[in-house]
Amino acid sequence: MKLYNYALTATVLLAASQASHAQAFEDKFRQLNDDKFRSPNVYRTASGAPGHEYWQQEADYHIKVQLDDENQSITAQSTITYTNNSPDTLRYLWVQLDQNRFRKDSIGPQSDSTSKPERISFSRMESMMTQESFPAGYELTEISYDNGDPLAHYVNDTMLRLDLDEPLKSGESVTFNINWAFNIIEADVLGGRGGYEYFEDDGNYLYEMAQWFPRMAAYYDVEGWQNKQFIGNGEFALEFGDYRVEITVPADHIVASTGVLQNPKEVLTSTQRQRLELARGSDKPVKIVTQEEALENEKEGTDDTKTWIFEADKVRDFAWASSRKFIWDAQGYKKNDTDVLAMSFYPEEGNPLWERYSTASILHTIEHYNDYSFDYPYPVAISVNGPVGGMEYPMITFNGPRPYVDEDTGNKYYSERTKYGLISVIIHEIGHIYFPMIVNTDERQWTWMDEGINTYLQFLAEQKWEKDYPSWRGEPRNITSYMASANQMPIMTNSESILQFGNNAYGKPATALNILRETIVGRELFDFAFREYAYRWKFKRPTPEDLFRTLEDASGVDLDWFWRGWFYSTDHVDIALDNVHLLTVNTKDPEIEKAWQQQQKEQEPTSLTTKRNADVNYKIHQQPHLADFYNEHDEFTVTNADRNEYNELLKGLSDEQKEMLKNGSNFYVLDFSNHGGLVMPILLDLHYEDGSKEHVRIPAEIWRRSPEEVSKLLIRDKTLTQVVVDPNWETADVDTTNNYWPARAIPSRIELFKRDDRKDSLMERYDEKLKSDDES
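The shown structure was predicted, so the numbers you read here are calculated from the model rather than taken from an experiment. (Residues numbered from 1 in each chain as written. Predicted model: local features only at pLDDT ≥ 70, side-chain atom pairs only at ≥ 80, totals over all residues. Heavy atoms only, no water.)

Chemist: Sorry, what's going on with the overall build of the protein chain here?
Modeler: The helix and strand tally for the protein chain stands at 22 helices and 33 strands. A globule of 776 residues ought to have a C-alpha radius of gyration of about 28 Å, yet the protein chain, at 35 Å, is considerably larger. Expressed as lengths along the three principal axes of its C-alpha atoms, the size of the protein chain is roughly 130 × 80 × 50 Å. Within the protein chain, the fraction of its 776 residues that count as buried is 51%. Accessible area for the protein chain stands at about 38300 Å²; split by element, carbon and sulfur atoms hold 46% of it. Charged side chains in the protein chain number 80 positive and 129 negative. The centres of these two groups are separated by 4 Å. (Helix = DSSP H or I, 4+ residues; strand = E, 2+ residues; numbered from the N terminus. Rg over C-alpha atoms; globule rule 2.2 N^0.38 Å. Buried < 20%, exposed > 50% of the residue type's maximum accessible area, 1.4 Å probe, protein only. Areas by Shrake-Rupley, 256 points an atom, 1.4 Å probe, with all protein chains shown as cover. Lys, Arg positive; Asp, Glu negative; His and termini not counted. Charge placed at Lys NZ, Arg CZ, Asp CG, Glu CD.)

Written as structure tokens, this is what we have:
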């Protein structure tokens, strides 16, 4: 990168401001309506809001489930009332059977590709072996109408089709029964989003029950039936409804669940009920079941059972957890329209980490998510420690991090990573109760719409926990390696086809939203627009277009270029500062201009020949009579003709034009090239000779006529000494080495190492003494 010094002329300026290139022009600012968006209609408007004829289906459930703690299985009976609010007549209904995903003949395991298996971990081998032998999946024991008549059906892997005797017309409801049983998977072995954990030391189990009942698939205006098979990554697309769930478990179990407990007097002691009331008004968590009580409970066993009854209104799913190992704490929170009891359930193995951070993290999440979206509407918010690392359901979440036990001392420790991992995963999963459990996106189609949006809000909440909180995702600098990597696909890719899942569906969209907020739109405008999106689609089902359109509609900023680059392509940000040109105004005064031209000439390097001829006795010196007019004058000589032309020029200029010729400012033209393909604002720090600094923000629209190369004119009275592109690393620029003028050396370290000259000899290894059990 060089500084070019020019006198300013109309020709030079024109050349500097027009990038010329022979490549085919790509319009990065083409409106998405041209080729990406569906046309708006009565269901979804061009502004991104629900249309005046927006509709969605409803599914209400009454379920009775029995947990078999001896055999780790459940049996259940359900009655479902499905209401068709669509304008369509439905001849059949689709139901999700997600437990079938664990069957060895399901599409998920059948479609797993295999890399060369030279190295397999023990846990992976155990998982593969168990997959082959474990009797997983639903046993459907009855499918009938509410009057008991059989209901025709067909099981298609993880989906169940119910063939109605009479077509279900718009506005009608149908009620039917589905009864079933299945063996609960061991979550640590087969993975998944629910299952059991066995505690070998005390012989007890902890259950986290999710995707446990046949659930009505989504039917909506954009996709029709969302009956894509469950392979593992694309989570759920479900309907809102009201639930009454009766959960029968061993009498010494504690149950955590979606919904509000309806029969506390039948399942809780009077002391536990009193503690719950105390917790509602407490400023710190109150133990409903203490650690001492839980440890005592673990020692018992019983053949008696209790039935816990929960009800939940306007939820799209239902999950629960059960164990006699649970410690239980709770704390209330009430503000505006939020009146919630935050609760945590965890075994002794989770302490001291969980009693300190779990409920506090729930409340922290609600406080800040409320600021950025809407008031938390449900009566409870729950965090459960168990075998599932992190998963969300309405009102309840499953979270994994725990301390570890030193085998020698028996002491418990936890790392910094575990501590912040616990806080972060609880923020993330509780945040999911907002997105997508309330803003009900189609997870089976678009993972990023719940994971990316929630990761963005998680970052905002984390940064309010403490200064320099070690957030994993959100900062632009943390996404640059991925943005420059191979094997990418656009964010707008179906959930099951994504490569580099975490970065694609979590990190990149979260960073994109953060950049919109901090760099492109601004906090005030963006926060207003995002809250508008959340309010518009609370308890409704938005699509990506609804999000994009609402953010533009409410902010008043055309962001089609941003969505096109960040969400529909794999381009990355790499803006280089190639050259800095310095221009000053050509005064047209021959006395000034020819002196300036002579000065420029004299600054050119002297030729090698001229240098080496410095001592030559030139002919012209030997015979002075050979010198004439041209030996005394050159191209820089001001002639009377020059002066006359200048005077004639001045006569034809206005006073304002004459003043322009006297302008003494510096005209800097900065040349930029776009190496990454993604157009973004150009952010500059300008450093001046007097030690001052100026920050300049050039909108992304500068690239609209040339996405590969642009130049920018800056008129300044001061003298530039340094220019830095993206000085605060706001745009995820993957290569900052080309962001400086003048170019600078890149600091790094040379790592010295000692060469290991030892040979790995089979003979030496053969002769090694075999260690005894005590020595190994």
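Chemist: Whenever I open this one, the packing of aromatic side chains confuses me. Can you help?
Modeler: Two aromatic rings, taken as a pair, are described by how far apart their centres are and by the angle between their planes. A complete count under the given rule lists 51 aromatic pairs for this structure. When the ring of Tyr393 is compared with that of Phe398, the centres are 5.7 Å apart and the planes differ by 50 degrees; the resulting orientation is tilted. With respect to burial, Tyr393 and Phe398 carry one shared label: buried. One aromatic cluster in this structure is built from Phe240, Tyr369, Phe374, Tyr376, Tyr378, Tyr434, Phe435, Tyr456, Phe526, Phe530, Tyr533 and Phe539. Positioned above the aromatic ring of Phe236, the side-chain terminus of Arg215 is 4.5 Å from the ring centre. Directly above the aromatic system of Tyr740 lies the positively charged group of Arg744, at a separation of 3.9 Å from the ring centroid. (Phe/Tyr/Trp six-rings, centres within 6.5 Å; stacked < 30°, edge-to-face > 60°. Lys NZ or Arg CZ within 6 Å of the ring centre and 35° of its normal.)

Chemist: So what exactly am I meant to see when it comes to the sheet that holds strand E2 (residues 58-68) here?
Modeler: Strands pair in a sheet through their backbones, by hydrogen bonds, and they do so in one of two ways: parallel or antiparallel. Read from one edge to the other, the open sheet built from 7 strands follows the order E5-E8-E3-E2-E14-E18-E16, with strand pairing classed as mixed. Only two strands of the sheet have a single partner each, and these edge strands are strand E5 (139-145) and strand E16 (260-261). Sheet topology places strand E14 (residues 241-250) next to strand E18 (residues 305-315); 9 bridges connect them, and they run antiparallel. Across the sheet, residue Val245 finds its bridge partner in E18, namely Phe310. (Pairing = 2+ DSSP bridges.)

Chemist: How do you make sense of the packing of helix H8 (residues 353-372) against helix H10 (residues 448-462) when you look at a structure like this?
Modeler: Each packed pair of helices is defined by two parameters, the angle between the axes and the distance between the axes. Relative orientation of the contacting elements H8 and H10 amounts to 115 degrees, with a least axis distance of 10 Å. With respect to each other, H8 and H10 are oriented roughly perpendicular. Crossing of H8 over H10 shows right-handed handedness. Here His364, His368, Tyr369 and Tyr372 of H8 come into contact with H10, specifically with Asn454, Leu457, Gln458, Leu460 and Ala461. Split by residue class, the contact of H8 with H10 holds 5 nonpolar, 4 polar and no charged. (Axes fitted to C-alpha atoms, helices over the stretch in contact; angles between N-to-C directions. Parallel < 35°, antiparallel > 145°, perpendicular 65-115°, else oblique. Left-handed = near helix turned anticlockwise from the far one by under 90°. Contact = heavy atoms within 4.5 Å. Nonpolar A, V, L, I, M, F, W, Y, C, P; charged D, E, K, R; others polar.)

Chemist: Where do I start with the environment of Ile185 in this structure?
Modeler: Residue position: Ile185 is located in the loop between strand E8 (173-183) and helix H4 (187-190). Spatially, the C-alpha atoms of Ile185 and Tyr196 are 6.4 Å apart, while their sequence positions differ by 11 residues. Residue contacts for Ile185: discarding those within four places in its chain leaves Phe102, Phe134, Leu190, Gly191, Gly194, Gly195 and Tyr196.

Chemist: Just checking my understanding: could you explain the packing of H8 against helix H9 (residues 416-434) for this structure?
Modeler: It is at 9 Å that the axes of H8 and H9 come closest, and there the two elements cross at 40 degrees. Considered as vectors, H8 and H9 are oriented oblique to each other. With respect to the hand of their crossing, H8 and H9 are arranged in right-handed fashion. Here Leu353, Trp354, Tyr357, Ser358, Ser361, Ile362, His364, Thr365, Ile366, Tyr369 and Asn370 of H8 come into contact with H9, specifically with Thr418, Lys419, Leu422, Ile423, Ile426, Ile427, Ile430, Gly431 and Tyr434. Residue classes in the contact of H8 with H9 are distributed as 12 nonpolar, 7 polar and 1 charged.

Chemist: Mind showing me how you'd approach the UniProt feature "domain: Peptidase M1 membrane alanine aminopeptidase" (unreviewed entry) in the protein chain here?
Modeler: Look at the UniProt record and you will see "domain: Peptidase M1 membrane alanine aminopeptidase" (unreviewed entry) annotated at residues 360-566. Summarising residues 360-566: 51% helix, 9% strand, and an end-to-end C-alpha distance of 35 Å. (UniProt positions renumbered as here; feature names shortened; annotations may be inferred.)

Chemist: What is the right way to read the pairing of E14 from this model?
Modeler: Here is the key point about a regular strand: its side chains alternate between the two faces of the sheet. Counting buried positions along E14 yields 8 of 10 residues, so the element is predominantly enclosed. Where E2 lies against E14, 6 bridges are found, and the strand directions are parallel. Looking across to E14, one finds that Tyr61 is bridged to Tyr243.

Chemist: Looking at this structure, how should I read the nonpolar core?
Modeler: Residues Tyr82, Leu93, Trp212, Phe562, Trp566, Phe567 and Leu684 are the most contacted members of the largest nonpolar core, which totals 184 residues. Here Trp212 is in contact with Ile63, Val65, Ile74, Gln99, Tyr138, Trp180, Phe182, Val245, Phe318, Ala319 and Trp320, once residues within four sequence places are set aside. Membership of the second largest hydrophobic core comes to 5 residues, among which are Phe102, Ala136, Ile185 and Val189. (Core = buried A, V, L, I, M, F, W, Y, C linked by side-chain atoms within 4.5 Å.)

Chemist: Even after reading the chapter, I still don't get the pairing of E2, so can you show me in this structure?
Modeler: Bridge count for E2 against strand E3 (residues 73-83) is 11 bridges, and the pairing is antiparallel. What sits directly across from Ile63, in E3, is Ser78. Where E2 folds back on E3, the antiparallel hairpin that results is connected by 4 residues, among which Gln72 adopts a positive phi of roughly 50 degrees.

Chemist: Where do I start with the confidence of the model for the protein chain in this structure?
Modeler: Interpretation of this model should avoid reading the predicted coordinates in detail wherever pLDDT is low. For the protein chain, per-residue confidence averages 93 on the pLDDT scale, and 97% of positions sit at 70 or higher. Of the regions scoring below 50 in pLDDT, residues 9-21 engages in 14 contacts with residues more than four places distant in sequence or in other chains. (pLDDT = per-residue confidence, 0-100.)

Chemist: Is there a simple way to explain the environment of Leu460 in this structure?
Modeler: Within the secondary structure layout, Leu460 lies in helix H10. With 95 residues separating them in the primary sequence, Leu460 and Thr365 have C-alpha atoms 9.8 Å apart. In this view, Leu460 contacts Tyr372, Asn514 and Arg517; residues no more than four positions away in its chain are not counted.

Chemist: Would you mind going over the sheet that holds strand E19 (residues 320-323) with me for this structure?
Modeler: Strand order in the open sheet made by the 4 strands is E9-E10-E19-E15, with antiparallel pairing throughout. Looking at the sheet topology across the chains shown, the edges are occupied by strand E9 (195-199) and strand E15 (254-257). Each adjacent strand pair in this sheet contributes to an overall mean axis angle of 10 degrees, direction not counted. Examined bridge by bridge, E15 and E19 share 4 bridges and lie antiparallel to one another.

Chemist: Explanation requested: the pattern of salt bridges in the structure shown.
Modeler: Working definition: two side chains of opposite charge can pair if their charged atoms are close together. Under the definition given, this model contains 45 salt bridges. Here Glu296 ties to Lys299 by a salt bridge, and the two come within 3.6 Å at their closest N and O atoms. Taking the relative accessible area as the measure of exposure, Lys299 reaches 65% and is therefore exposed. Notably, a salt bridge pairs Arg536 with Glu532, separated by 3.0 Å at the nearest N-O pair. Remark: Glu532 and Arg536 occur in helix H13 (residues 523-537); sequence separation between them is 4 residues, near one turn of the helix. Judged by its relative accessible area of 15%, Arg536 is buried. Because the salt bridges share partners, they merge into one network encompassing Asp98, Arg215, Asp317 and Arg444. (Salt bridge = Lys/Arg side-chain N within 4 Å of Asp/Glu carboxyl O.)

Chemist: Just to check I follow, could you spell out the environment of Arg564 for this structure?
Modeler: Its place among the elements puts Arg564 in helix H15 (residues 560-568). Residue Arg564 is classed as buried on the basis of its relative accessible area of 10%. Considering only alpha carbons, one finds Arg564 and His368, 196 residues apart in sequence, at a separation of 30 Å. Here Arg564 is in contact with Asp27, Lys28, Arg30, Gln31, Leu32, Asp35, Lys36 and Ser569, once residues within four sequence places are set aside.

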